[in-house]
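# Remarks on the overall topology
One-letter residues, chain by chain:
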Amino acid sequence: MQTITLNVEGMSCNHCVNTIEKTLKELGATGKVNLAAKTVEVSYDESGLSKEAIKEAIEEQGYDVV
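What counts, and at which threshold
Residues numbered from 1 in each chain as written. Predicted model: local features only at pLDDT ≥ 70, side-chain atom pairs only at ≥ 80, totals over all residues. Heavy atoms only, no water. Helix = DSSP H or I, 4+ residues; strand = E, 2+ residues; numbered from the N terminus. Rg over C-alpha atoms; globule rule 2.2 N^0.38 Å. Buried < 20%, exposed > 50% of the residue type's maximum accessible area, 1.4 Å probe, protein only. Contact = heavy atoms within 4.5 Å. Lys, Arg positive; Asp, Glu negative; His and termini not counted. Charge placed at Lys NZ, Arg CZ, Asp CG, Glu CD.

- The protein carries the name Copper chaperone in an unreviewed UniProt entry, which gives Brevibacillus nitrificans as its organism.

Written as structure tokens, this is what we have:
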């Protein structure tokens, strides 16, 4: 398992948290959102999922990974 922390702009409420965590779960990853820090800590199996795929999935939900 690999764990990364992504800086994500555009998150402001619990709906945002749920959207991102659900998106990550659908990819087979787990995520913990920190609204105050505007970060998402993601744990995933790097043999089946890439950091780029995670970024793209979050951005498809309308957030900016910076």
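Past the structure itself, the notes keep going.
## Examining the overall build of the protein
- Each helix and strand counted, the protein has two helices and four strands in total.
- Going residue by residue from the N terminus, the α and β elements of the protein occur as β-α-β-β-α-β.
- Its C-alpha atoms give the protein a radius of gyration of 11 Å, near enough to 11 Å, the size a compact globule of 66 residues would have.
- Counting only C-alpha atoms, the protein reaches 30 × 20 × 20 Å along its principal axes.
- Within the protein, the proportion of its 66 residues that are buried is 35%.
- Intrachain contacts of the protein at a sequence separation of at least 6 include 60% that bridge at least 24 residues.
- In the protein, the 6 positive side-chain charges and the 11 negative ones have mean positions that sit 6 Å from each other.

## A word on the side chain of T23
- Tracing the backbone shows T23 in helix α1 (residues 14-27).
- Residue contacts for T23: discarding those within four places in its chain leaves A57 and Q61.

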